[in-house]
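Working through the structure, step by step
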Amino acid sequence: MLSQSLQLPEVLLLTPKVHSDERGYFFECFRQQQLQQLLERDIQFVQENQSRSSFGVLRGLHYQRQPQAQAKLVRVVEGEVLDVVVDIRHGSPRFGQTVQTVLSAENNHQLFIPHGFAHGFLVLSPQATVVYKVDNYYSAQHDAGLAYNDANLAINWPLSAKQLVISTKDQQQPKLSQLQSEFNWK
Ligand SMILES: Cc1cn([C@H]2C[C@H](O)[C@@H](COP(=O)(O)OP(=O)(O)O[C@H]3O[C@H](C)C(=O)[C@H](O)[C@H]3O)O2)c(=O)[nH]c1=O
């Protein structure tokens, strides 16, 4: 598994080694020991999610508040998404900074997103299926979010506003300046 740092160094872009032959391909999607070595700490995923969305669907930007914060290992098994992560840790020198990368069933790229970061994605293909592991259980009362279109985040979503399909919840998320995030840097 190749690991690359992004502009937010705590967010890892992982690329598995693909074994191709005349039948097709095989690759290991996850190996706990390998990820723990990259993170230099233990990690224990307890839940795996799958969502399928049509072109233009934007899910996010989401996170779970403490003590139910979730680290995520995200991959795409159908189609293509623009995946976006935001540093929401108070005191972070990169507070409010974002990274974005294309995850697709073609590039097999994965993103590891630690606690203290908001996550979302925009579907760029006719359909996209996103599968992701989390290290804490879903908790509706700890579910929180950030406005995808907050000018202070300056996320350049590559579709026009009228092409976007966004839940009512995500249309009403707070801006970075209103964030109740209790994540602290370090
Ligand atoms: C996240 C989650 C949701 N649900 C239920 C709650 C709703 O009845 C339904 C849809 O939930 P929601 O609209 O919050 O789903 P997404 O908009 O895809 O949320 C996710 O989108 C972004 C990209 C994320 O990174 C988060 O993992 C997650 O917040 O599934 C569950 O039962 N378990 C869960 O873990």
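Predicted model only: the values in this text are computed from it and were never measured. (Residues numbered from 1 in each chain as written. Predicted model: local features only at pLDDT ≥ 70, side-chain atom pairs only at ≥ 80, totals over all residues. Heavy atoms only, no water.)

This part takes up the site of the ligand. Taken together, Gln47, Asn49, Arg59, His62, Lys72, His119, Phe121, Tyr132, Tyr138 and Lys169 make up the full set of residues adjacent to the ligand. At a separation of 2.8 Å, an oxygen atom of the ligand approaches a polar side-chain atom of arginine 59. In this structure, histidine 119 approaches the ligand through a side-chain N or O atom, which is 2.8 Å from an oxygen atom. With the chains in place, 65% of the 650 Å² that the ligand exposes on its own is no longer accessible. Put simply, the ligand lies in the largest pocket. For the shell around the ligand, the secondary structure elements donating two or more residues are β5 (47–54), β6 (58–64) and β11 (117–123). The residue inventory of the shell around the ligand, partitioned by class, reads 3 nonpolar, 4 polar and 3 charged. (Near = heavy atom within 4 Å. Polar contact = N/O pair within 3.5 Å; in protein donor to acceptor, adjacent residues only side chain to side chain. Areas by Shrake-Rupley, 256 points an atom, 1.4 Å probe, with all protein chains shown as cover. 1 Å grid on protein atoms, 1.4 Å probe; cavity = no way out; pocket = protein on both sides within 12 Å on 5 of 7 lines; lining within 4 Å. Sits in = over half its atoms within 2 Å of the grid points. Helix = DSSP H or I, 4+ residues; strand = E, 2+ residues; numbered from the N terminus. Nonpolar A, V, L, I, M, F, W, Y, C, P; charged D, E, K, R; others polar.)

Attention now moves to the pattern of salt bridges. Taken as a whole and assessed by the stated rule, the structure comprises 8 salt bridges. Between arginine 23 and aspartate 21 there is a salt bridge, with the nearest N and O atoms lying 2.5 Å from each other. When its relative accessible area of 75% is taken as the criterion, arginine 23 is described as exposed. By relative accessible area, aspartate 21 is classed as partly exposed at 32%. Here aspartate 143 makes a salt bridge to lysine 169, at a shortest N to O gap of 2.9 Å. Placement of aspartate 143 in strand β13 (residues 143–145) and of lysine 169 in helix α2 (residues 168–171) is noted, with a sequence separation of 26 residues between them. (Salt bridge = Lys/Arg side-chain N within 4 Å of Asp/Glu carboxyl O. Buried < 20%, exposed > 50% of the residue type's maximum accessible area, 1.4 Å probe, protein only.)

Per the UniProt entry, the sites bearing "active site" (unreviewed entry) are His62 and Tyr132 in this numbering. In terms of the greatest pairwise C-alpha distance, the residues named above, spread along 71 residues, form a tight cluster of at most 13.5 Å across. Restricting the annotated residues just mentioned to those that line the largest pocket leaves His62 and Tyr132. Note on placement: histidine 62 falls in strand β6. In contact with histidine 62, other than residues within four places in its own chain, are Lys72, Phe117, Ala118, His119, Ala144, Gly145, Lys169, Asp170 and Gln173. Of note is the side chain of histidine 62, whose polar atom sits 3.5 Å from the backbone nitrogen of glycine 60. With respect to the secondary-structure elements, tyrosine 132 resides in strand β12 (residues 127–134). Here tyrosine 132 falls in the buried class, since its relative accessible area comes to 18%. Residues in contact with tyrosine 132, not counting those within four places in the same chain, are Gln47, Glu48, Asn49, Lys72, Leu73 and Val74. (UniProt positions renumbered as here; feature names shortened; annotations may be inferred. Contact = heavy atoms within 4.5 Å.)

On to the layout of surface pockets, then. By volume, the largest pocket is sized at about 400 Å³. Taken together, 22 residues form the lining of the largest pocket, with His62, Lys72, Tyr132, Asp143 and Lys169 sitting closest to its centre. Breaking the lining of the largest pocket down by element, the ones donating at least two residues are β5, β6, β11 and α2. Class assignment of the residues belonging to the lining of the largest pocket gives a composition of 7 nonpolar, 10 polar and 5 charged. Taken together, the residues of the lining of the second largest pocket break down into 5 nonpolar, 1 polar and 4 charged. (Points joined across faces, edges and corners; volume = space filled by probe spheres on them.)

Before going further, it helps to spend a moment on the sheet that holds β11. With antiparallel pairing, the 5 strands of this open sheet are ordered in space as β9-β8-β11-β6-β13. Each of the sheet's edge strands pairs with one partner strand only, and the pair in question is β9 (98–104) and β13. With direction set aside, neighbouring strand axes in the sheet form an average angle of 30°. Judged from the 3 bridges that link them, β6 and β13 form a sheet pairing that is antiparallel. When the sheet's bridge partners are listed, histidine 62 is paired in β13 with glycine 145. (Pairing = 2+ DSSP bridges. Axes fitted to C-alpha atoms, helices over the stretch in contact; angles between N-to-C directions.)

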